[in-house]
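# Inside the fold
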Amino acid sequence: MKSYITKIFLGTLFFLSLSLSAQNLSKHQSMVKGNCNMCKERIETTAKKAGAKSAVYSIDTQTLSFETPEKISADEILKKVAEAGHDNNSYKASDDVYKNLPACCHYQRDSESPVPAMNHSDSTKKENEFFVKGNCSSCKARIEKAAKYAGADSAEWSAEKQTVILNFNPSKTSADKILKKIADVGHDNEMYKTTEEVYKKLPGCCLYDRNIPFGDTNPNVHYDESAKKENHSNHIGSEDHSSHSDSEKNIEQVNIIGSKAATSIGKKEAGLVFNIDSKELLKAACCNLSESFETNATVDVSFSNAVTGTKQLKMLGLDQKYTSLTKELLPEIRGIASAYGLSLIPGRWIESIQLTKGGSTVTNGYESITGQINTELIKHAEKSETSLNLFADFNGRAEANITHVEPINDHWTQTFLLHGNGTFGDTDMNKDTFLDRPKGTQINAAYLLNFNDLTHSGFGSHFGINFVKDERTSGQIGFDKKIPQTQQNLYGVGIDISRFQVWNKTGYVFKGKPYQSLGWMNQYTYHQQDSFFGLRNYSGNQHTYYSNLIFESIIGNTNHKYKTGASFLYDGYNETYLNNQFKRTETVPGIFAEYTLTGSKYTLVAGARADFHNLAGTQFTPRLNFKYDFTPKTILRLSAGRGFRTANVFAENQQYFASNRSIQILENGGNIYGLKPEIAWNFGASLQQEFKIFGRKSTIITDFFRTDFQNQVVVDLDRSPQLLTFYNLDGKSFANSFQTQWDFSPIKNFDVRLAYKYYDVQAQYLDGKREVPFMAKHRGFINLAYSTNKNSKEGFWSFDTTLNWVGKQRLPNTSTNPSEFQLPKRSESYAVLNAQISRNFNKKLRAYLGGENLTSYYQKNAIVDFRNPFDNYFDGGMVYAPIMKANFYVGFDVTF
């Protein structure tokens, strides 16, 4: 009886242990390559020897189904199967083992394995590291959250390596369970593949390429590994000119961009794009957009007038009129605003700038020839934030900026922007009796309202309104603007500007199709300028309405994207110069299409647009950008494109109004001032190389661009020192631009930027081909930035300095003037040094002290015949260098 009870007890214990063992088994299924019954036997036997309780291989479906106890991971089983000669989801068999299989077992191997081979030299994948696909920081947050939900103690996903490192207690969970959960939320991995339905519901930015083999570089990654924030939000459509930063919210062509690294060169974009963050603008005295590029080597800032003190930008060796200057991707500085528009965007309003060299996307219009500079205004904050900036220099200029960003609720955010400046001192450093810069005031106010519900309803919208009143007076010291010029002997200049803008950008993401979106942008601008230059008057007003409708989707998968849409531009001009009135209306409906092809190593963006200009006729604008990644650190870019524009000869050449040059237009049968539109082709190539020096990241980028004009409105200053002549090009006109730039950090917190530029810019004038004036062939650039480590209150010091060296420039021909009023054929070369020291006391309080033109080099003959401003030889437009000597400033920032 006792023996019988013992048998029953032992039997019950045996069956109970079997039952418990069965309950703790995990089921798995994985793709495994094989050909025949011999393969089937080998795979199943190997799996069981490796610890699988059961293993069944299907030759038809090429899958292995097996069960493992908790202490055995599926990864261990698949590793042994690969060692036996069979490729699978996680491992590839070595070539030697595969070749030693019987001939009947030689299955078809993929040309590119989904994961590195077992004997691959780069097989540095750790035991707890697994391949998981993703694109961005939103993917990272989702993957890591899913892993922890499945029991992982910690999970770290790398966008660059496309792997996740898991730390977990094997008695509580397994890699298999964690990876299954990661697949459930939408991310393919080496053990499980997500369903098509779940994948398609991911945000557009997270739609990774499912065809890229595990272990290969993912070209769609737009995540900065060094970033600290993980709130990358959904966006509609593709990235235009902005890199996807961690706090970006992007409505198709309606970019809403947060901060990122101070300056970065986009690695993902097919075009050559520099992303400039507001942090970069804090390195110098950035009072307005024209001063935003002092620490950037790509853009040249020229001093265009000795009387009005205006600054102009040049890129690729050509004037700013050939660069598309946009705000919020809407047309901004063009037409009558060309001369002074840069000063109407305060530096402290700028959240980021995207600078594209060469032809930009066709979706943004036809006017870009040398590139595009897009400015994004401040409009994002996680909590209500108000910032105050006070600035003053030692020569009588002061300004104040107030920015307030306030989240209203989960979807709505509003921004208030206010700027005021005034220049009150009489600055005349070269003692020529003329002010070195105008006196006057500016009041500038804007309100922005943002709605973002892309995740749920699919809608996002941005509204903005801006008003500017700018008044400035220049000329000889003592000139009284209240008294008419005809009633006083002193030469004066008066410029009064009023500007009003209102705009809206709305986007919609189609439900269930995060890759498909519709965006619509609209803007109205009114710009009025009333001005006089001595006895010469110029006034004008411009009404502009712009509309752009863009649809974006894919063809098959996200490797094939396309955009298509239509635009409309209306410009109404009414100008008066002396006693002559010039009126015209330009209406330009247009259509466009753009296709983006993305491969594992390349990106091709091909687009074209047709615009039906009422005065310039039908214009066809094709553009092409191609990027090829030889390695993730070696990138080649090629570009080609066409652009056209109508020249505004008066507004764009106001720097020559402060002279006694008579204006002469040699008409050529065109409909704009009797001239034909400007048309040019731009071709470019660049090579970007990253490497390590001193154990730290270093980047060298070298580029070459050529611009060939098919037609151009030539500005001829050489026919006579008393003439300013405009006519259409008859012959060749071109600009060659070469630049090489090296960014590196020799020690911690110390950044160095070195650059050299070479320009060859020539045009066919009426009396022969020659160099374009005021363009130095050689330029050098050095920027040094150092900051101390942050203390416990997050306070630190920053030291920034920039040296610009400008070579000799050809000057306009003045040989017919009397000898004392003649300029040399070429200018001197010179260097300008700027420096700034700033102290961040904590996150909310900052003070800074800086100096501009510390070398004190200035152009001594800035104004020709300054003693007789109403005589024939007076000319304030012959400027090639700074007008002012060293100038010092102080500033103060507080956030509350």
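Residues numbered from 1 in each chain as written. Predicted model: local features only at pLDDT ≥ 70, side-chain atom pairs only at ≥ 80, totals over all residues. Heavy atoms only, no water.

### Topic: the overall build of the protein
To keep things clear, this is the line we draw: Strands here are runs of E lasting at least two residues and helices are runs of H or I lasting at least four, both read from the DSSP assignment and numbered beginning at the N terminus. A simple rule labels every residue: compare its accessible area, found with a 1.4 Å probe on the protein chains alone, to the largest value its type can have, and call it buried under 20%, exposed over 50%, or partly exposed in between. Any two residues whose heavy atoms approach within 4.5 Å at even a single point are treated as in contact. Positive charges are assigned to Lys and Arg, negative charges to Asp and Glu, while His and the chain termini are left out of the count. Here the site of a charge means NZ on Lys, CZ on Arg, CG on Asp, or CD on Glu.
Per the secondary structure count, the protein includes 8 helices and 43 strands. Within the protein, buried positions represent 58% of all 896 residues. Sequence-distant contacts in the protein: of pairs separated by 6 or more residues, those separated by 24 or more amount to 63%. Taking the average location of the 101 positive side-chain charges in the protein and that of its 94 negative ones, the two points are 4 Å from each other.

### Points about the pattern of salt bridges
Rule in force here: Any carboxyl oxygen of Asp or Glu that lies within 4 Å of a side-chain nitrogen of Lys or Arg is treated as forming a salt bridge with it.
This structure, assessed with the given rule, holds 48 salt bridges. Here glutamate 399 and arginine 397 are joined by a salt bridge, their closest N and O atoms 3.1 Å apart. Judged by relative accessible area, which is 6%, glutamate 399 ranks as buried. Between arginine 661 and aspartate 875 there is a salt bridge; the shortest N-O distance is 3.0 Å.

### Considering the packing of aromatic side chains
Note the threshold: Each Phe, Tyr or Trp ring, with Trp reduced to its six-membered ring, pairs with another whose centre is within 6.5 Å; inter-plane angles below 30 degrees give stacked pairs, above 60 give edge-to-face pairs, and intermediate values give tilted ones. We call a charge positioned above a ring when the Lys NZ or Arg CZ atom is no farther than 6 Å from the ring centre and deviates by at most 35 degrees from the ring normal.
Taken as a whole and assessed by the stated rule, the structure comprises 36 aromatic pairs. On the numbers, 6.4 Å between centres and 70 degrees between planes, the contact of phenylalanine 750 with tyrosine 786 is edge-to-face. With phenylalanine 750 in strand β37 (residues 750-765) and tyrosine 786 in strand β39 (residues 778-787), the pair connects residues that are 36 residues apart, well separated along the chain. What links up through ring pairs into an aromatic cluster is the set Phe533, Tyr538, Tyr577, Phe582, Phe650, Phe657 and Tyr673. Above the ring of tyrosine 322, the side-chain terminus of arginine 645 is found at 5.6 Å from the ring centroid.

### Observations concerning helix α5 (residues 137-149)
Let me state the cut-off plainly: Here, expected helix span is obtained from the residue count minus one, scaled by 1.5 Å.
Along its 13 residues, α5 runs 18 Å from first to last C-alpha, staying within 8% of the 18 Å computed at 1.5 Å per residue. Inspection of α5 places Ser137, Ser138, Cys139, Lys140, Arg142, Ile143, Glu144, Ala146 and Ala147 among the buried residues, and these make up the whole buried set. Packing partners of the buried residues in α5 comprise β5 (154-158), β6 (163-167) and α6 (175-184).

### Some details on helix α2 (residues 37-49)
With 13 residues, α2 should reach 18 Å at 1.5 Å per residue; the first-to-last C-alpha distance of 18 Å fits that figure. The set of residues buried in α2 consists of Cys39, Arg42, Ile43, Glu44, Thr46 and Ala47. Of the surrounding elements, those touching the buried residues of α2 are β2 (54-58), β3 (63-68) and α3 (74-83). At the exit of α2 stands glycine 51, carrying a positive phi of roughly 120 degrees.

### A closer look at a nonpolar patch on the surface
Counted only if it meets this: Exposure above 30% relative accessible area and no salt bridge define the residues that can form patches, which grow by joining like charges within 9 Å and nonpolar side chains of Val, Leu, Ile, Met, Phe, Trp and Tyr within 5 Å. To measure how exposed things are, a 1.4 Å probe is used in the Shrake-Rupley method; for residues, cover is taken only from the protein chains shown.
A surface patch of nonpolar side chains, amounting to about 440 Å² of accessible area, comprises Phe394, Leu849, Leu854, Phe888 and Val890. For leucine 849, the location among the structural elements is in strand β42 (residues 845-852).

### With respect to the sheet that holds strand β11 (residues 300-303)
As a reminder, the rule being used: Two strands are said to pair when DSSP picks up at least two bridges between them.
Spatial strand order, β11-β12-β13: 3 strands in an open sheet with antiparallel pairing. Pairing within the sheet leaves two strands with one partner each, and these edge strands are β11 and β13 (318-319). In terms of strand pairing, β11 meets strand β12 (residues 311-315) through 4 bridges, oriented antiparallel. The residue bridging aspartate 300 from the neighbouring strand is lysine 314, located in β12.

### Points about the environment of threonine 816
Considering the arrangement of structural elements, one finds threonine 816 in the loop between β40 (796-806) and β41 (830-840). The sequence separation of threonine 816 and proline 721 amounts to 95 residues, and the corresponding C-alpha distance is 7.4 Å.

### Thoughts on the side chain of arginine 645
We apply this condition: In the analysis that follows, any N or O atom pair within 3.5 Å is treated as a polar contact, provided that within protein one partner can donate a hydrogen and the other can accept it, and provided that, for residues neighboring in sequence, both atoms belong to side chains.
Residue placement: arginine 645 occurs in strand β30 (residues 634-645). Within the structure, the side chain of arginine 645 is placed 2.4 Å from the side chain of glutamate 652, a separation counted as a polar contact. Within the local environment of arginine 645, its side chain forms a polar contact with the side chain of glutamate 678, the two groups lying 2.5 Å apart. If we ignore the near neighbours within four places in the chain, the residues touching arginine 645 are Lys321, Tyr322, Glu367, Ile369, Glu652, Pro677 and Glu678.

### Some points on the sheet that holds strand β35 (residues 723-728)
So the rule is basically this: Between N-to-C directions, angles cover 0 to 180 degrees, with each direction set by a line fitted to C-alpha atoms, over the stretch in contact for helices.
Taken in spatial order, the 3 strands line up as β31-β35-β34 in an open sheet, and their pairing is mixed. Two strands bound the open sheet, and with one partner strand each, they are β31 (662-666) and β34 (713-716). Put simply, the sheet's adjacent strands are angled 15 degrees from each other on average, direction ignored. Summarising the sheet, β34 and β35 pair through 4 bridges and their orientation is antiparallel. Residue pairing across strands places aspartate 716 opposite threonine 725, the latter belonging to β35.

### Overview of the environment of alanine 881
In this structure, alanine 881 sits in the loop between β42 and β43 (887-895). The exposure class of alanine 881 is buried, given its relative accessible area of 0%. Taking the C-alpha atoms as reference points, alanine 881 and serine 829, separated by 52 residues in sequence, lie 9.1 Å from one another. In contact with alanine 881, not counting residues within four places along its chain, are Phe303, Tyr830, Tyr857 and Gln859.

### Considering the packing of α5 against α6
Spelled out, the test is: Note on angle classes: values under 35 degrees are labelled roughly parallel, values over 145 roughly antiparallel, values of 65 to 115 roughly perpendicular, and the remainder oblique. Should the near helix be turned anticlockwise from the far one by less than a right angle, the crossing is left-handed, and should it be turned clockwise, the crossing is right-handed. By the convention adopted, Pro, Cys, Tyr, Trp, Phe, Met, Ile, Leu, Val and Ala count as nonpolar, Lys, Arg, Asp and Glu as charged, and the other residues, Gly among them, as polar.
Two numbers describe how α5 lies on α6: the axes approach to 8 Å, and their chain directions differ by 135 degrees. Compared by their axis directions, α5 and α6 come out oblique. The chirality of how α5 crosses α6 is right-handed. Contacts between α5 and α6 involve Ile143, Ala146, Ala147 and Tyr149 on the former and, on the latter, Ile178, Lys181 and Ile182. Among the residues forming the contact of α5 with α6, the class breakdown is 6 nonpolar, no polar and 1 charged.

### Brief notes about the state of the cysteines
Here is the rule: Two cysteine sulfurs form a disulfide in these notes if their separation is within 2.5 Å.
Under the criterion given, the structure shown has 0 disulfides. Here cysteine 105 stays free of any disulfide, with the sulfur of cysteine 39 as its closest cysteine sulfur at 3.5 Å. Assessed through its relative accessible area of 0%, cysteine 105 is described here as buried. Among the cysteines around cysteine 206, which has no disulfide bond, cysteine 139 carries the closest sulfur, lying 3.5 Å off. For cysteine 206, a relative accessible area of 0% translates into the label buried.

### Here's the deal with the environment of asparagine 861
With respect to the element layout, asparagine 861 can be found in the loop between β42 and β43. If we ignore the near neighbours within four places in the chain, the residues touching asparagine 861 are Leu823, Pro824 and Tyr880. At a separation of 3.5 Å, a polar atom in the side chain of asparagine 861 contacts the side chain of glutamine 859.

### Some remarks on the pairing of strand β38 (residues 768-771)
Of the pairings in the sheet, the one linking β37 to β38 comprises 4 bridges and is antiparallel in character. Bridged to glutamine 762 within β38 is glutamate 771. Here β37 hands over to β38 after 2 residues, the two strands then running antiparallel side by side.

### Side note on the pairing of β6
As judged from the 3 bridges shared by strand β4 (residues 129-131) and β6, these two strands associate in the antiparallel manner. Across the sheet, phenylalanine 130 pairs through a bridge with valine 164, a residue of β6. As defined by bridge partners, β5 adjoins β6 across 5 bridges and the pair is classed as antiparallel. Of the residues in β6, the one forming a bridge with glutamate 156 is isoleucine 165. What sits between β5 and β6 in their antiparallel hairpin is a turn of 4 residues, with glutamine 162 showing a positive phi close to 60 degrees.

### Here's the deal with the side chain of glutamine 809
Position of glutamine 809 among the secondary structure elements: in the loop between β40 and β41. Side-chain polar atoms of glutamine 809 contact the backbone oxygen of tyrosine 880, separated by 3.1 Å. Once you skip the residues sitting within four places of it in the chain, glutamine 809 turns out to touch Phe774, Met775, Ala776, Lys825, Arg826, Ser827, Tyr830 and Tyr880.

Such coordinate-based values are descriptive only and should not be taken to indicate function.
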